[in-house]
Amino acid sequence: MNAIATTIAELRVLIGYLGEKGQANWWGCEFFSATATAFLAPIFNRSLFLAQYQGATAAAAKVHDEAIGVGRIYHLFRLPIGLEQASADALNDATFVQAVQARLANRELALTRLTELAEKAESASPGPVSLGQMSQDIKAELQCAAGFYCAAFTSGIQTFPYVREVE
């Protein structure tokens, strides 16, 4: 499985969960809550986690787009189509999904995993944060963004890391 795609999918789940109404309240949804699970399970019997992932991703993308703007930029919740498809495909692996779901048991587990994915602590500032231009291998940008999100959730501010399209 593509390591970049799984990293994107895992970051989206963790940040989607941590930004929910019941956590940091960055977006007004709770797709990963017990209530949402009970509501969605009968409708999305075989694809519940994918439905939760897509709902949280859409909510987060809307908030990011409003904060950053749209145009020749990308952020974790709006990427080029190839990365979008690959990250959604990563959720077809049941073992991967179980591992990610286990980290949503509580805020501390999710933050711990986000810290591991960041590899380096960043100092977050509120609002949009440019990470430069998007590179071919976006691993470094993903790690940097994870560091900013981790710092923001820890300090109680909202930050929106993004990259510019290569010109």
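Residues numbered from 1 in each chain as written. Predicted model: local features only at pLDDT ≥ 70, side-chain atom pairs only at ≥ 80, totals over all residues. Heavy atoms only, no water.

A. Broad picture of the pairing of strand E2 (residues 127–133). Of the strand pairs in this sheet, E2 and strand E3 (residues 159–164) are connected by 5 bridges, and their pairing is parallel. By the bridge assignment for E3, Pro 128 is matched with Phe 160. For the crossover from E2 across helix H7 (residues 139–155) to E3, the handedness is right-handed. (Pairing = 2+ DSSP bridges. Helix = DSSP H or I, 4+ residues; strand = E, 2+ residues; numbered from the N terminus. Right-handed = clockwise from strand over helix to strand, strands pointing away.)

B. Seen up close, the packing of helix H1 (residues 3–18) against helix H3 (residues 48–68). Running from N to C, H1 and H3 cross one another at 70 degrees; their axes reach a closest spacing of 9 Å. As summarised for this structure, H1 and H3 are arranged roughly perpendicular, according to the angle between their axes. Contact residues: Ala 9, Arg 12, Val 13 and Gly 16 in H1; Phe 49, Tyr 53, Ala 56 and Thr 57 in H3. Along the lines of polarity and charge, the residues of the contact of H1 with H3 split into 5 nonpolar, 2 polar and 1 charged. (Axes fitted to C-alpha atoms, helices over the stretch in contact; angles between N-to-C directions. Parallel < 35°, antiparallel > 145°, perpendicular 65-115°, else oblique. Contact = heavy atoms within 4.5 Å. Nonpolar A, V, L, I, M, F, W, Y, C, P; charged D, E, K, R; others polar.)

C. Fine view of the state of the cysteines. All chains considered together, the criterion is met by 0 disulfides. Looking at Cys 150, it has no disulfide partner, and the nearest cysteine sulfur is the one in Cys 144, 12 Å off. (Disulfide = S-S within 2.5 Å.)

D. Region of interest: H1. In this model H1 runs 22 Å from its N-terminal to its C-terminal C-alpha over 16 residues, within 8% of the 22 Å that 1.5 Å per residue would give. Taking burial as the measure, the 16 residues of H1 include 14 buried ones, the bulk of the element. Measuring from the backbone nitrogen of Ile 4 back to the side-chain oxygen at the start of H1 gives 2.9 Å, which picks out Asn 2 as the cap. (Expected span 1.5 Å × (residues − 1). Buried < 20%, exposed > 50% of the residue type's maximum accessible area, 1.4 Å probe, protein only. Polar contact = N/O pair within 3.5 Å; in protein donor to acceptor, adjacent residues only side chain to side chain.)

E. Inspection of H3 at higher detail. The terminal C-alpha atoms of H3 lie 30 Å apart, and with 21 residues this matches the ideal 30 Å at 1.5 Å per residue to within 8%. Note on H3: the residue one or two positions beyond its end, Gly 69, has a positive phi of about 100 degrees.

F. Focus on the sheet that holds E3. Pairing is mixed across the open sheet formed by 3 strands, whose spatial order is E1-E3-E2. Looking at strand neighbours, the two that pair on one side only are strand E1 (73–74) and E2, the edges of this open sheet. Packed on one face of the sheet, H3 meets E1, E2 and E3 and runs near 75 degrees to E3. Strand contacts of H7: E2 and E3, with the helix running at about 165 degrees to E3, the strand carrying the most contacts.

The values reported here are purely geometric and, on their own, carry no functional implication.
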